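Below, each chain spelled out in residue letters.
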Amino acid sequence: MSRAYPYRRPPADVVATGPWLRVTGDSLEELPLDLPDWDYETILHLRRPLRVDGFRARQACGLSPDSAVTLTVVWAAANSSLRGQAWQGSLPALDGAELQIDFDLPGDELGGRLDLETSLILRAAGTGSSATAPSRPGSVLWREVHSVMLQGDAVLFPLAIVDFEQVRYPSGAAWHLELSEDLDSQALGSILLLANKRRPVVVGALENAADPSDADRLVLSTVQSEVIRSLVERAVVDKDFDPTHDYATGTVGALLASVLRATFPDRDLDALRRERQHEPILFTTRLQNATGLLAGA
Amino acid sequence: MSILYPRLLDSAATELYQRYQHVEPGELTNEHAFAHPSAVFAATGGHRVPREHLQDLRERVVKIAEEAGFPGGGRRRAHTDFDLDIAKLLHERMGLVAAEASVRPIWAFLALVVLPDVSFWRYREPTGDRFLATDITRHVWGRLWWRAHLTAVPTETDPYRLIGTFNESDFDQIFARRAGLGGSRALIRALSDVWPSVAKSGFADRRVLRDVLKRLLRTAPIIEFDALDYADLCDEIRREAAASVTAIRAEDQRAQ
């Protein structure tokens with residue numbers, strides 16, 4: 001749904017964005033959507049070329065040419081729920097201005113999904129601006145968001161390798177998915193995949209997940225399928241879970257709703273609940289199919 | 001350098017919480033530990049906290065607690081000062097990065113394994129969310145780390161000068177709305193900075209604050225607070241506060 005702004009805004013094509021680029025030493029590469037090797041001590045050096053029609057943007061908003069407008073980048077991190085300014089530069093009142101965003105982003109406030117929000121922001125309206133033009137400093141004239149996943153899957157399903165006898169789970173089990181009972185709690189920190197130290201085949205496969213052998217792939221496919229099965233089972237069994245409820249972003253409830261949608265896009269929860277109760281074997285088979293158990297092995 | 005803390009599994013945390021509720025805080029001193037069989041490290045980047053680090057942290061917390069009356073009953077004022085001192089200590093000493101500080105089971109570990117005595121002293125009749133991994137905005141230690149983090153100004157001589165601007169319940173109002181306010185540390189710092197000088201025209205601080213927060217939340221989608229320089233940001237907050245006072249005055253006049 002588009003947001004209603006109480007002021008005039010320019011058409012989207014006043015900004016022509018180039019790709020986000022990552023600078024590493026002397027090399028420059030397009031920023032991938034996933035950065036599995038990122039950790040808190042990583043400093044991301046990012047660049048982005050843009051061409052902006054600063055005169056046309058002002059004119060379309062009803063702002064006079066002497067209005068102060070900035071090109072601003074704000075970072076927002078899903079794990080910490082924090083955001084902050086990454087870069088800012090003045091936008092000249094010229095059309096076709098070639099600009100380059102360039103900044104270092106330290107890792108200590110980041111984690112999970114990183115949103116890079118590029119915006120044109122009003123700093124001060126000039127004399128003679130229209131009454132329908134934005135007037136408050138900070139007004140967003142144009143915005144575009146690019147998202148990158150830091151740490152890959154590790155952040156969604158952090159892994160801990162433990163001795164199940166010590167943590168009081170059945171000592172012969174291979175793994176266990178810790179999941180908070182509170183549907184409104186944040187999924188981060190509520191989910192933890194525990195692997196049993198006493199099952200070296202599983203521990204080895206999870207440790208080699210970045211570069212698995214064929215044998216590791218079989219184990220990983222099984223674990224992945226079983227994790228999804230656990231989440232779907234939880235959604236199906238938990239009477240308090242309602243996929244139509246508007247769970248806040250990042251909560252356990254939102255995660256379950258998303259997993260359910262992705263796994264069974266064409267079936268509603270009541271149908272799944274009935275099937276699990278009356279035809280549990282078929283339900284399990286359906287889950288195998290939906291999760292692609294051993295499909296790539 | 002980011003330091004990783006162990007996560008106390010839910011089942012163990014609930015068991016400890018239920019057991020400790022019936023024990024005097026002074027007696028819980030014997031129960032403290034620096035490891036627990038159900039406390040596990042996630043395999044993510046960072047350095048696992050060494051035992052000596054946890055020992056040092058506990059000693060420092062206990063010392064501050066003793067100055068506030070631990071293990072006896074502290075006065076309300078003593079608890080306020082205690083909270084502020086602990087907030088600074090945890091933020092300075094734990095070596096946590098923000099994403100790790102969002103992981104609630106690490107706070108359950110601190111509350112129930114490392115500091116059970118001081119935790120139950122601070123909240124004599126606690127609800128579970130003070131100790132368990134359910135809600136950081138309510139957690140005995142987690143909320144203090146975040147209070148320090150959201151108000152700290154690392155570039156200043158006293159980086160924690162803004163930490164005491166709001167009392168506990170008023171800061172809770174802000175913290176609970178953190179996501180809605182866009183998680184902007186700049187906004188929360190500026191709010192803490194200008195608040196004492198905001199003219200509230202005799203209306204209760206909390207009433208004005210609630211209204212200001214409501215206005216900021218409404219504005220956040222169309223005003224990018226993090227794009228403003230500090231002076232402009234402070235002006236924006238003063239402007240919202242003035243609008244709040246006007247609205248509250250009008251509301252009272254209508255009610256008469």
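Rules used in this analysis
Residues numbered from 1 in each chain as written. Chains lettered and ligands numbered in written order. Predicted model: local features only at pLDDT ≥ 70, side-chain atom pairs only at ≥ 80, totals over all residues. Heavy atoms only, no water. Pairing = 2+ DSSP bridges. Helix = DSSP H or I, 4+ residues; strand = E, 2+ residues; numbered from the N terminus. Axes fitted to C-alpha atoms, helices over the stretch in contact; angles between N-to-C directions. Contact = heavy atoms within 4.5 Å. Domains from an automatic or database assignment. Buried area = accessible area lost by both parts, 1.4 Å probe. Salt bridge = Lys/Arg side-chain N within 4 Å of Asp/Glu carboxyl O. Polar contact = N/O pair within 3.5 Å; in protein donor to acceptor, adjacent residues only side chain to side chain. Expected span 1.5 Å × (residues − 1). Core = buried A, V, L, I, M, F, W, Y, C linked by side-chain atoms within 4.5 Å. Buried < 20%, exposed > 50% of the residue type's maximum accessible area, 1.4 Å probe, protein only. Parallel < 35°, antiparallel > 145°, perpendicular 65-115°, else oblique. Left-handed = near helix turned anticlockwise from the far one by under 90°. Phe/Tyr/Trp six-rings, centres within 6.5 Å; stacked < 30°, edge-to-face > 60°. Lys NZ or Arg CZ within 6 Å of the ring centre and 35° of its normal.

What follows covers the sheet that holds strand β12 (residues 175–179) of chain A. Two pairing modes exist for strands in a sheet, parallel and antiparallel, and in both the strands are linked by backbone hydrogen bonds. Residues and elements named next belong to chain A. Pairing within the open sheet is mixed, and its three strands lie in the order β11-β13-β12. This sheet does not close on itself; its edge strands, each paired only once, are β11 (159–162) and β12. Here the average twist between neighbouring strands, direction ignored, is 25 degrees. Inspection of the sheet shows β12 paired to strand β13 (residues 191–196) by five bridges, in the antiparallel sense. Within β13, the residue paired with His-176 across the bridge is Leu-194. Sheet strands in contact with helix α2 (residues 200–207) are β11 and β13, and its direction is about 130 degrees off that of β13.

This next bit is on the domain arrangement of chain A. Domain boundaries assigned for chain A yield domain 1 (12–152) and domain 2 (156–291). Of note, the centres of domain 1 of chain A and domain 2 of chain A, computed from C-alpha atoms alone, are 37 Å apart.

Moving on, we get to the interface of chain A and chain B. With 50 residues of chain A at the interface, the matching set in chain B holds 46 residues. A combined buried area of about 3,700 Å² lies between chain A and chain B, and 52% of that area is made up of carbon and sulfur atoms. Sorting the residues of chain A by area buried against chain B places A:Tyr40, A:Arg83 and A:Arg136 first, and these three jointly supply 19% of that buried surface. Counting every contact that joins chain A to chain B gives seven salt bridges. With a shortest N-O distance of 2.4 Å, B:Arg185 and A:Glu109 are connected by a salt bridge. Linking chain A with chain B are 16 residue pairs in polar contact (both at pLDDT 80 or more), by the criterion used here. For the side of chain A that touches chain B, the elements supplying multiple residues, two or more each, are β6 (68–77), β7 (82–90), β9 (113–124), β10 (140–150), β11 and β13 of chain A. When residues of the side of chain A that touches chain B are assigned to their parent elements, the largest contribution, five residues, is made by β7(A).

Taken together, the five strands give an open sheet; going across it, the order is β4-β10-β9-β6-β7 (chain A), and neighbouring strands pair in mixed fashion. Across the chains shown, the open sheet's two edge strands, defined by having one partner strand only, are β4 (34–35) and β7 of chain A.

Now for helix α3 (residues 51–67) of chain B. With 17 residues, α3(B) ought to run about 24 Å at 1.5 Å a step, and its terminal C-alpha atoms sit 25 Å apart, in line with that. Directly after α3(B), the chain includes B:Gly69, whose backbone phi takes a positive value near 110 degrees.

With that settled, the discussion passes to the nonpolar core. Counting residues in hydrophobic clusters, the biggest one holds 134 residues, and the most contacted among them are A:Phe103, A:Leu120, B:Leu8, B:Trp107, B:Leu112, B:Val118 and B:Trp141. A per-element tally of this core places helix α6 (residues 104–114) of chain B first, with nine residues. A:Val219, A:Val223, A:Leu272 and A:Phe283 belong to the second largest nonpolar core, which has 35 residues in total.

Another point: the domain arrangement of chain B. Residue and element names in this part refer to chain B. Annotation of chain B at the domain level lists domain 1 (1–164) and domain 2 (165–256). Taken together, the contact pairs 19 residues of domain 1 with 14 residues of domain 2. Where domain 1 abuts domain 2, roughly 1,500 Å² becomes buried across the two surfaces, and 55% of that area is made up of carbon and sulfur atoms. Three residues stand out in domain 1 for area buried against domain 2, namely Arg-147, Leu-150 and Leu-162, and they jointly supply 41% of the buried area on that side.

What follows covers the packing of helix α3 (residues 214–237) of chain A against helix α5 (residues 269–278) of chain A. Residue and element names in this part refer to chain A. Where α3 meets α5, the closest approach of the two axes is 9 Å, and the angle between their N-to-C directions is 100 degrees. Here α3 lies roughly perpendicular to α5, going by the angle between them. Residues Glu-233, Ala-235, Val-236 and Val-237 of α3 form the contact with α5, whose participating residues are Leu-269, Leu-272, Arg-273 and Arg-276.

Residue and element names in this part refer to chain A. Enumeration over the complete set of coordinates arrives at 38 salt bridges over all chains. Across the pair Asp-13 and Arg-56 runs a salt bridge, and its minimum N-O distance is 3.2 Å. Here the residue Asp-13 occupies a position in the segment before β1 (15–17), and Arg-56 occupies one in helix α1 (residues 54–61), the gap between them amounting to 43 residues. By relative accessible area, Arg-56 is classed as partly exposed at 26%.

Our next topic: the side chain of B:Ser244. Residue and element names in this part refer to chain B. Within the secondary structure, Ser-244 is located in helix α12 (residues 230–255). A distance of 3.4 Å separates a polar atom in the side chain of Ser-244 from the backbone nitrogen of Val-212. Within the structure, Ser-244 has its side chain in polar contact with the side chain of Arg-215 (distance 3.2 Å). What Ser-244 contacts, discounting residues up to four positions off in sequence, is Val-208, Asp-211, Val-212 and Arg-215.

Residue and element names in this part refer to chain B. Put simply, helix α10 (residues 185–194) and α12 touch, their axes get as near as 9 Å, and they point 65 degrees apart. When the axes of α10 and α12 are compared, the pair comes out roughly perpendicular. α12 is crossed by α10, and the crossing has right-handed handedness. Here Ala-186, Leu-187, Arg-189, Ala-190, Leu-191, Asp-193 and Val-194 of α10 come into contact with α12, specifically with Tyr-230, Leu-233, Cys-234, Ile-237 and Arg-238.

The final tally for this structure, using the stated rule, is 17 aromatic pairs over all chains. Ring pairing ties together the aromatic residues B:Tyr17, B:Tyr20, B:Phe120 and B:Phe131, which thus form one cluster. We note A:Arg9 situated over the ring of A:Tyr5; from NZ or CZ to the ring centre the distance is 3.8 Å. The side chain of B:Lys200 reaches across the aromatic face of B:Trp195, ending 4.6 Å from its centre.

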